[in-house]
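As a plain string of letters, each chain reads:
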Amino acid sequence: MDTTDRAQRLRFGLSLDPDADRLPETLELAAAADAAGLDLLALQDHPYQPGHLDALTLSALVAARTSRISVFTDVADLRLRPPVMLAKAAASLAAASGGRFRLGVGGGGIPEAIGSMGAPPMPPREVVAYTEESLRIMRTALDGGPVRHRGEVLTVPGYQAGPVPQRQVELWLGGQRPRMLAVAGRAADGWISPLNIYVPPQEVPERQRIVDEAAHAAGRDPARVRRIYNVIGLIGGSGAPGLNGDAGRWADTLAEWATELRFDTFVFWPVTAHRRQMEVFAREVVPAVRERVAR
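Caption draft 1: Spatial organisation of the packing of aromatic side chains. All chains considered together, the criterion is met by 10 aromatic pairs. With centroids separated by 6.2 Å and ring planes inclined at 70°, the aromatic side chains of phenylalanine 12 and phenylalanine 281 adopt a geometry described as edge-to-face. Placement of phenylalanine 12 in strand β1 (residues 11–16) and of phenylalanine 281 in helix α10 (residues 274–294) is noted, with a sequence separation of 269 residues between them. Of the two residues, phenylalanine 12 and phenylalanine 281, neither departs from the other in class, the shared state being buried.

Caption draft 2: Geometry of helix α6 (residues 124–142). Between its terminal C-alpha atoms α6 stretches 26 Å, which fits the 27 Å expected from 19 residues at 1.5 Å a residue. Here α6 lies mainly inside the structure; 14 of its 19 residues are buried. Following α6 by one or two positions, glycine 144 adopts a phi angle in the positive range, close to 110°.

Caption draft 3: Local environment of the side chain of aspartate 189. Position of aspartate 189 among the secondary structure elements: in the loop between α7 (178–187) and β9 (190–193). At 3.0 Å, the side chain of aspartate 189 forms a polar contact with the side chain of arginine 139. The contact partners of aspartate 189, leaving out residues within four places of it in the chain, are Arg139, Val169, Glu170, Leu171, Trp172, Arg220, Arg224, Val225 and Arg226.

Caption draft 4: Representation of empty space enclosed by the protein in the model. Applying the stated criterion to the full structure yields 1 cavity of 30 Å³ or more. Reported here for the largest cavity is a volume of approximately 30 Å³. Every residue along the wall of the largest cavity is listed here: Val84, Ala87, Lys88, Ala91, Ala141, Tyr159, Ala161, Gly162 and Pro163. Looking at the lining of the largest cavity, the element that brings in the most residues is helix α4 (residues 83–96), giving 4 residues. Residue composition of the lining of the largest cavity, grouped by class: 7 nonpolar, 1 polar and 1 charged.

Caption draft 5: Structural context of the nonpolar core. Core analysis: the biggest nonpolar cluster contains 82 residues, and Leu38, Leu254 and Phe266 have the highest contact counts within it. With 10 residues, the next largest nonpolar core counts Leu40, Ala42, Trp172 and Ile232 among its residues.

Caption draft 6: Quick peek at the pattern of salt bridges. On inspection of all chains with the given rule, the structure shows 22 salt bridges. The closest approach of N and O atoms between aspartate 264 and arginine 226, which form a salt bridge, is 2.9 Å. Residue aspartate 264 is found in the loop between α9 (247–259) and β12 (265–270), and its partner arginine 226 is found in strand β10 (residues 226–235); the two are separated by 38 residues along the sequence. A residue is classified by how much of its surface remains accessible, and aspartate 264, at 6% relative accessible area, is buried. Taking the shortest distance from any N to any O, the salt bridge between arginine 292 and aspartate 252 comes out at 2.6 Å. One end of the pair, arginine 292, is in helix α10; the other, aspartate 252, is in helix α9, with 40 residues separating them in the sequence. By relative accessible area, which is 25% here, arginine 292 ends up partly exposed.

Each value, and the rule that gives it
The residue numbering used here restarts from 1 in each chain and proceeds along that chain's sequence as written. Since the coordinates come from a predicted model, pLDDT governs what is reported: local features require at least 70, and pairs of side-chain atoms require 80 or more to be given and counted, while whole-chain, interface and lining totals use all residues. Think of the side-chain values as coming from all heavy atoms in the structure, minus any hydrogens and water. Pairing of aromatic rings covers Phe, Tyr and Trp, the last through its six-membered ring, and needs centres within 6.5 Å; plane angles under 30 degrees mean stacked, over 60 mean edge-to-face, and all others mean tilted. Working definition: helices are DSSP H or I runs of at least four residues, strands are E runs of at least two. Numbering for both runs from the N terminus. The rule is simple: take the accessible area with a 1.4 Å probe, protein chains only, and divide by the maximum for that residue type; under 20% is buried, over 50% is exposed, in between is partly exposed. Expected span, for any helix, means 1.5 Å times one less than how many residues it has. Any pair of N or O atoms that falls within 3.5 Å is considered a polar contact. Within protein, one atom must be able to donate a hydrogen and the other to accept it, and sequence-neighbouring residues count only if both atoms are side-chain atoms. Contacts: residue pairs with any heavy atoms within 4.5 Å of one another. The pocket and cavity definitions rest on a 1 Å grid over protein atoms only: a 1.4 Å probe that fits but cannot leave marks a cavity, an open set with protein on both sides within 12 Å along at least five of seven lines marks a pocket, and residues lining either have an atom within 4 Å of a point. Grid points are joined across faces, edges and corners, and a volume is the space filled by probe spheres set on the points. In this classification, the charged set is Asp, Glu, Lys and Arg, the nonpolar set is Ala, Val, Leu, Ile, Met, Phe, Trp, Tyr, Cys and Pro, and all remaining amino acids, among them Gly, are polar. Nine residue types can take part in a nonpolar core, namely buried Ala, Val, Leu, Ile, Met, Phe, Trp, Tyr and Cys, and a core is a set of them joined through side-chain atoms within 4.5 Å. A carboxyl oxygen of Asp or Glu within 4 Å of a side-chain nitrogen of Lys or Arg is what we treat as a salt bridge.

Following this line, the structure appears as structure tokens:
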């Protein structure tokens, strides 16, 4: 793939605030990001936070408020959302929005909080098996079923899935540890990296290697696995967590991460002044990144 192709494949998104008290502002920001030409809107899923809206409910509200941009969960907690029902919700959102929904999922990174909602304890190895089986169940369900699965952790005796969206729903997996990264390579349509403050750039190549090797071992083309990086920081400022600097520095850095670290999707998490930061990101950073990558 040449650099022009890589630039065309790049996608850029914005993370939205799930705070219930800020819903009007969040929906206005979603509409503004849609109008500004961004590709994706990302929604956190922390249902154990009393102030947060449910991610799937918020996805429906955001999709209804926009017309072009796609929405995805970043990431939906599989421990709290049975895979068949999660696939049903994703298919419903995709069908109702004209195919503008992607499903990002994870095995659940905060066991104590997950347990507070009644999820039974699950050792890490079982979480990995549960996640991989869930991905396979959801892929079959999203493609229309029927779903019959008897695995190490999950059993689905027989379910005729639907609706089937006109556009296939991409399944992206969030994670950073080796066994979960291998699942992304074997069974997901994309790997979602945690924020750049949790998986810094120097740690990315080893994680990409694990995804690649797992994809190869499963007979898959690693290039078909999308690579998504959540990036927090401040455009035009300093002292914030993550990436700081003017729009030029942001463009240089993201272009480098696209070419050297092989990310094809960047989700911006502004730390302050969300509307102004989004506008600078969409108007100045995104086109400059595309231009640099295409050189």
